[in-house]
Amino acid sequence: MLRLFEFAGRPFIYLLEEFGRILLFLLSIAAWLFRKPFRLKEILKQMEFVGTNSLVVVLITGTFTGMVLAIQSYYGFRKFGGESLVGATVALAITRELGPVFTALMVTGRAGSAMAAAIGTMRVTEQIDALYTMSVNPVQYLVVPRVVASIIMLPFLTIVSDFIGIAGGYFVGVKLLDINSGIFMARIYDLLVVDDIINGLIKSAVFGFILSLIGCYKGFYTTGGAEGVGKATTQAVVMASVTILVSDYFLTAVMF
Amino acid sequence: MIELKKIKKSFNGQKVLDDIDLTIEPGKITVIIGQSGGGKSVLLKHMIGLIRPDSGKIMIDGVDTTTLGEKELNEVRKKFGMLFQDAALFDSMNVGDNVAFPLKEHTKLKGREIKAIVEKKLLQVGLKDVTHKMPSELSGGMRKRVGLARALALDPKIILFDEPTTGLDPIMCDAVDKLIVKTQQETGATCIVISHDIDSTFRIAHTVAMLYHGKIIEKGTPEEVKATGNPVVRQFIERKVEDNNF
Amino acid sequence: MSKFSAEAKVGLLVVAGIVILVFMSMRVGDIGFSRNGGYSLYVLFDSVTGLAEDTSVEIAGVEVGRVGKIALQNGKALVTLKIRPEIRLTEDVSAIIRTRGILGDKFVELIPGSSTSPALAEGDTIKKTISTIDMDMMMSALGDVANDIKKLTTSLSNVAGGQSGEDALRSIIDNSREMLETLNKTVQENNEDVTRIIANFSEFSEQLKEMGNANSEDIRMIVANVRQASEMVEDLMLGMGEITAKINNGEGSLGKLVNDEETVENLNAALASLKNVSEKIDNGEGTLGRLVNDEETVENLNETLESINDFLAQQERFKTYLDYKAEYLTDTSDIKSYVTLKIQPKEDKYYILQLVDDPRGKKTVTEYTRTDKNGNTTYERVEEVEKDKLKFSAQIAKRYHDVVLRGGIIESTGGFGLDYYLFEDYLKLSFDAFDFDPDTNAHLKIGADFSPIKHIYLTAGYDDFISDNDTDSFFIGAGINFSDEDIKSLMSGISMPVQ
Ligand SMILES: Nc1ncnc2c1ncn2[C@@H]1O[C@H](COP(=O)(O)OP(=O)(O)OP(=O)(O)O)[C@@H](O)[C@H]1O
Ligand SMILES: [Mg+2]
């Protein structure tokens, strides 16, 4: 009986521990965020890595998301003659949800995993120890720039993705499915408000924070050599993706 | 001056350091020898504050580093340079940036001045025209020498070498030995070297200490150690395998 | 590797992002309805069921503003309408709440009155509302109407049947003919009065035109005169309305009328005199006719109104602001303070004059390089800091929707800046770049101002963040600002007890 409790309780306790560790890690990030020197070069490097280097992936996913959304909603709306709403549906869905979430998931896969792998490798090859011996705090040098860069760049990637997604929807809706272009855009202007876009971007900044925090955390506490690095990477992607989707629900509930 | 007082450390119940008392004389080269897996690297990491002991004190110039916070510890660490056993080069930076890293972090030197120092230090360890190579493009021995150049870049007061000559060819070994001696003489630094090379140990050491089963079982000048009566030390320096040990 | 540096690539993405954001918010957003764009009008409705804030206000289907606050006043709904600045509404405009689409979204429609009526300005109330009746109220009313019609028809047939009814009808018709004749005479007699008024009126406008930048006292008088004149005209109209009402009260004996020859004759005569009146109006004979037909008068009137408008508009637009801001630099625990004079001749354009007290002072760095005999190079840096020296800024700024571009002298060096306003100007993000010394990094500053209440704002940011002199610092601070109007009212408030 007792063993049953133990068996059931262990993952729960493990989860609690993990949560506590992330919180402590977060505190040290917060502490180092405002301490000199500010590593603008590193931040810039990470902005390039997280931002511009993810752009192509984000553009492709964004375009096709908008396109498929246009097709699907078109078949739905056509049943009761509401084709004119396709544009607005695509625009709303993309700016509020799909833009921020898909962008964050793509960046998690590309950059979040790379963060875990890079920092994990540095951990197991004593590079993090080497930083300590050179009086450079690894949280400040490695983690803070990644987190800051992700928080800054995710909204920019998302706004580009929003735009290209709506453009993709426009292409399918207007050029392929022959919806009147004027009415397509008019409905978007009618129903989409600036707050939809802004709230989506705020969300994406939160997602950027989550994916970089978890990526760095998993890398920073890697043990067990090359295999450990692999594990940390996988765990980082899974955990960040799940956290992004869960927090998306709560953010949406709070914002809209 | 570095003093270790009653240092104890175990990992997952495995005792690695057991009541270590060791005083390192300043301005001298101290070589620590001992079995593989005996805890030499762990001992070295204690000195620079990378590992905290389970109990005991580590005094660096009269300050107990085991009680210090990160900020004060960083100040203490600025006196140190350390060569890791596996070099621990930053694999995201090329060789030049690796060696330049401590200079960029802790000095206000201009780019060209840093470049000059980097070239000089690399030349000292016998490396030329490698500044633009990435660590992954180097051999193990080359990486070790880049690590050495990085450890020496700031001309630190205390230098920790974890097996500086392992993996180098005999001529390079000799060159590195001479570099350590020369650096020590020029800067008056305190050097602590971990070595498996008995010949080189006796060539460069002012003091030799032997770590065995978590304790310092022998410490003295090379002559004293050579003349020791301790059978474990004798066996170690004579490089004999005793049957009952394996 | 690629041709572009990391900076260039990141910069490109950031700029593209900002451009897209601004573009999308401009296309989608409520352009021109920021806090200081447009003006507010009030309107009282009996019921505003289903009307939401921030829905559109339209004229002829074109959006001219948005619904602002909806509040309760004496059991009625007081609705604030935020109207675009370029839309001119007159006092006789009327407001209706209308329904759009099957989903029944409510919006406010304005029906413009005549273009000659006085214009509405900030804070005025729209007096005419046309109440829309709820669906069920309408249904029950329709039922009542049907009943009334039935009753009417019954009594109509009763009246038509009897001799007494016929007599009554005839005397009524006689009366009304008399009435119309008197009316005609009245109009003729009053002719002179009205003519005089109009003469005065055009004289005034003439004067006003000459005055050009007329002083407001005169204008107020003129406006008062105009109003008086129009009230007289209105009275005239009212009299006519009463007469028509009396005719209408012929109490439903129309059936009989058609058969009685004398009645028809009388009616004809009455109509003839009515026609006479309107013909006179048309030919510009009567006073009313003059008013409507005399082109010069109309033109004068229009010009007058225009010049009044221009004058008022200009007074309104030219604004000055005084601003004081203190920033606490977290790094050195110092206070950097700014006194700013903002002169705004146009809504979207202004000048900034600013004095800056920077505790870090102005730093000048001189660098010497010496080479000795052994070929060793030594560097020497001489830094001079002039403390207690005020810096000076003078900038020109132009606003495009939510973005302000600035440029000129910033802190005694050349520079430029960019502001981005969010959430109806409650939040301002700014970026400044100046001190482009080729030897050192430029002075860059980012910050955010948040203004939770009027006149007061909080600020935070990161100053000189790519500095190579270690002068970079986070800052937090606060500021206050006043416009010239605030200062004026403040002054008069202070001087009152003295009087
Ligand atoms: N972080 C750690 N966690 C768990 N055990 C550790 C850790 N670091 C070292 N050890 C253990 O401590 C012991 C000593 O390791 P150490 O690296 O000091 O050996 P060493 O004397 O340097 O050996 P070598 O000469 O082979 O480098 C080893 O048994 C090792 O397993
Ligand atoms: Mg070792």
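Summary of the structure given here. Each chain carries its own residue numbering, running from 1 in the written order of its sequence. Think of it this way: whatever chain is written first is A, whatever ligand is written first is 1, and the rest follow in order. Restriction of local features to residues with pLDDT of at least 70 applies here, the model being predicted, together with a cutoff of 80 or more for giving and counting side-chain atom pairs; totals for whole chains, interfaces and linings are based on all residues. With hydrogens and water excluded, all non-hydrogen atoms of the structure serve as input to the side-chain values.

## A closer look at the overall build of chain B
Secondary structure follows DSSP: runs of H or I at least 4 residues long count as helices, runs of E at least 2 residues long count as strands, and numbering of each begins at the N terminus. Regarding its fold elements, chain B presents nine helices and 10 strands. Burial classification: accessible surface area is computed with a 1.4 Å probe over protein chains only, and a residue below 20% of its type maximum counts as buried, one above 50% as exposed, and the rest as partly exposed. When each of the 246 residues of chain B is scored for burial, the buried share is 52%. Here a residue-residue contact requires only that any non-hydrogen atoms of the pair lie within 4.5 Å. In chain B, 63% of the contacts between residues at least 6 apart in sequence involve partners at least 24 apart. What sets the accessible areas is the Shrake-Rupley method with a 1.4 Å probe; for residues, cover comes only from the shown protein chains. When the accessible surface of chain B is summed, it comes to about 11500 Å², and 51% of that surface belongs to carbon and sulfur atoms.

## Here's the deal with the coordination of the magnesium ion (ligand 2)
For the magnesium ion (ligand 2), the full set of protein donor atoms is B:S41 (OG) and B:Q85 (OE1), at a range of 1.9 to 2.2 Å. In this pair, B:S41 sits in helix α1 (residues 40-47) while B:Q85 sits in the loop between β6 (80-83) and α3 (95-106), placing the two residues 44 residues apart along the sequence. With water omitted from the atoms examined, metal sites may look incomplete; donors here are N, O and S atoms no farther than 2.8 Å from the metal, or 3.2 Å in the case of Na, K and Ca.

## Comments concerning the sheet that holds strand β5 (residues 63-64) of chain B
Backbone hydrogen bonds hold the strands of a sheet together, and the pairing may be parallel or antiparallel. Residues and elements named next belong to chain B. Taking strand neighbours across the sheet as the criterion, the four strands line up as β2-β1-β4-β5 in an open arrangement whose pairing is antiparallel. The outermost strands of the open sheet, each flanked by one partner alone, are β2 (14-24) and β5. DSSP-based pairing: two strands are paired if at least 2 bridges between them are found. Bridge count for strand β4 (residues 55-60) against β5 is two bridges, and the pairing is antiparallel. What sits directly across from I60, in β5, is V63. Axes, fitted as lines to C-alpha atoms, cover a helix only where it is in contact. Angles between the N-to-C directions of the axes lie from 0 to 180 degrees. Its contacts with the sheet place α1 against β1 (2-11), β2 and β4, and it is angled at close to 55° to β2.

## Some remarks on the pairing of strand β18 (residues 443-453) of chain C
All names here are of chain C. One ladder, built from eight bridges, connects strand β17 (residues 427-434) with β18; its direction is antiparallel. Counterpart to F434 in the pairing with β18 is H443. Pairing analysis gives seven bridges linking β18 to strand β19 (residues 456-463), with the strands arranged antiparallel. Across the sheet, K445 pairs through a bridge with D463, a residue of β19. Connecting the antiparallel pair β18 and β19 is a turn made up of two residues, with H455 showing a positive phi of about 75°.

## Notes on the interface of chain A and chain C
Taken together, the contact between chain A and chain C spans 28 residues of the former and 25 residues of the latter. A 1.4 Å probe defines the accessible area here, and the buried area is the portion of it lost by two parts on being joined, summed over both. Together chain A and chain C conceal approximately 2300 Å² of surface at their shared face, both sides included; 82% is due to carbon and sulfur atoms. Per-residue buried area on chain A facing chain C is highest for A:K36, A:F156 and A:Y189; these three make up 22% of the total on that side. One side-chain nitrogen of Lys or Arg within 4 Å of one carboxyl oxygen of Asp or Glu is enough to make a salt bridge. Linking chain A with chain C are one salt bridge, by the criterion used here.

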